[in-house]
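Structure assessment
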Amino acid sequence: MADKILMNKNTLAALKIELKEYNTALPVFEMKEQQLKEVVQTTENNIARLKQSITTINQNTKVWVAVMAEETIDLSEMVKVDEVITEKREIAGVSIEVFKDIVFEKVEVDLFNTPLWIDAALEVIQDQKTHRTLIEIEERNLELLQEELAEARRMKNALKEVFIPETKENIRKIEIYLGDVERLAIGCAKLVKKKKEEKKVMA
């Protein structure tokens, strides 16, 4: 808002309209900020839960990891992601990804020439890759949500701490100025009337 404002009724009317718009916008940004804070918290919790799940699975599989290490089978080559299926969803003005499914490349396993634990190992690796994919999606979502949250907070603070107080102050100044001008005009009118009356008496 400019430092110098025109001290007239048109400016006063325009500022009152602006103030009304600011007061309407403020609760919208406050609500948006609150909604985004909740979604950010939920997303952070989801990421933490998924990471913990990966850690837990790793700990639970340590028993037979040593056995796997003795084999020459490259399990990473046997578990490859073919497609990650997501859909877009809008939350508080942010377009985020929602995980729907993950498709792995089909691998033919020779049951006669592979160890008994191979099926269980492949299943675990698929679970871990699914969890890591989910983490990647959630981390991308989190970045977008945090950016929008910061913007909503900036707008809320600007309205609350700058635009609304400044507009109110400018309205107050103009109203005082216009009041002074009106009182001065009335005083001048009375003075002119008094002088006219005095002239009539003297005539």
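First, a word on scope: everything that follows refers to the structure included in this document. Since we're looking at a predicted model, the values are computed, not measured.

Another aspect to go through is the packing of aromatic side chains. All chains considered together, the criterion is met by one aromatic pair. Seen from their ring centres, tyrosine 22 and phenylalanine 163 are 5.5 Å apart, and the 35 degrees between their planes marks the pair as tilted. Here tyrosine 22, found in helix H1 (residues 9-60), pairs with phenylalanine 163, found in helix H4 (residues 118-202); they are 141 residues apart in sequence, far enough to count as distant. A relative accessible area of 18% places tyrosine 22 in the buried class.

Turning our eyes to something else, we now look at the nonpolar core. Counting 16 residues, the largest nonpolar core has Leu36, Val40, Ile91, Val94, Ile96, Ile135 and Leu145 as its most contacted members. Secondary structure elements with two or more residues in this core: H1, strand E2 (94-104) and H4. Not counting chain neighbours up to four residues away, the residues in contact with isoleucine 96 comprise Glu87, Lys88, Arg89, Ile91, Asn141 and Leu145. Core analysis: the next-biggest nonpolar cluster, separate from the first, contains 10 residues, Leu12, Leu26, Ile164 and Ile174 among them.

Here we come to H1. Under the 1.5 Å per step criterion, the end-to-end length of H1 is 76 Å for 52 residues, consistent within 8% with the ideal 76 Å. The distance from a side-chain oxygen at the start of H1 to the backbone nitrogen of asparagine 10 is 3.2 Å, and the residue carrying that oxygen is asparagine 8.

The next point concerns the environment of methionine 155. Within the fold, methionine 155 resides in helix H4. Distance from methionine 155 to alanine 25, taken between C-alpha atoms, is 9.3 Å for residues 130 residues apart in sequence.

The next subject is the side chain of glutamate 138. Mapped onto the fold, glutamate 138 is located in helix H4. Salt bridges are absent for the buried glutamate 138, whose nearest opposite-charge side chain, arginine 49, sits at 6.0 Å. Those residues within four positions of glutamate 138 in sequence are excluded, and the remaining contacts are Thr43, Asn46 and Ile47.

Below, the discussion takes up the environment of glutamate 148. Tracing the backbone through its elements, the reader meets glutamate 148 in helix H4. The partly exposed category is assigned to glutamate 148, whose relative accessible area is 23%. Sequence spacing of glutamate 148 and glutamate 33 is 115 residues, and the spatial spacing of their C-alpha atoms is 8.6 Å. Once residues within four sequence positions are removed from consideration, glutamate 148 is found in contact with Lys32, Leu36, Ala92 and Val94.

Here we come to the pattern of salt bridges. The tally for this structure, following the rule as stated, stands at 11 salt bridges. When the shortest N-O distance is used, the salt bridge between glutamate 97 and arginine 140 registers 3.0 Å. Highlighted residues: glutamate 97 in strand E2 and arginine 140 in helix H4, separated in sequence by 43 residues. Here arginine 140 falls in the partly exposed class, since its relative accessible area comes to 40%. Connected via shared salt-bridge partners are Glu33, Arg153 and Lys156.

Scoring rules and cut-offs
Residues numbered from 1 in each chain as written. Predicted model: local features only at pLDDT ≥ 70, side-chain atom pairs only at ≥ 80, totals over all residues. Heavy atoms only, no water. Phe/Tyr/Trp six-rings, centres within 6.5 Å; stacked < 30°, edge-to-face > 60°. Helix = DSSP H or I, 4+ residues; strand = E, 2+ residues; numbered from the N terminus. Buried < 20%, exposed > 50% of the residue type's maximum accessible area, 1.4 Å probe, protein only. Core = buried A, V, L, I, M, F, W, Y, C linked by side-chain atoms within 4.5 Å. Contact = heavy atoms within 4.5 Å. Expected span 1.5 Å × (residues − 1). Polar contact = N/O pair within 3.5 Å; in protein donor to acceptor, adjacent residues only side chain to side chain. Lys, Arg positive; Asp, Glu negative; His and termini not counted. Salt bridge = Lys/Arg side-chain N within 4 Å of Asp/Glu carboxyl O.

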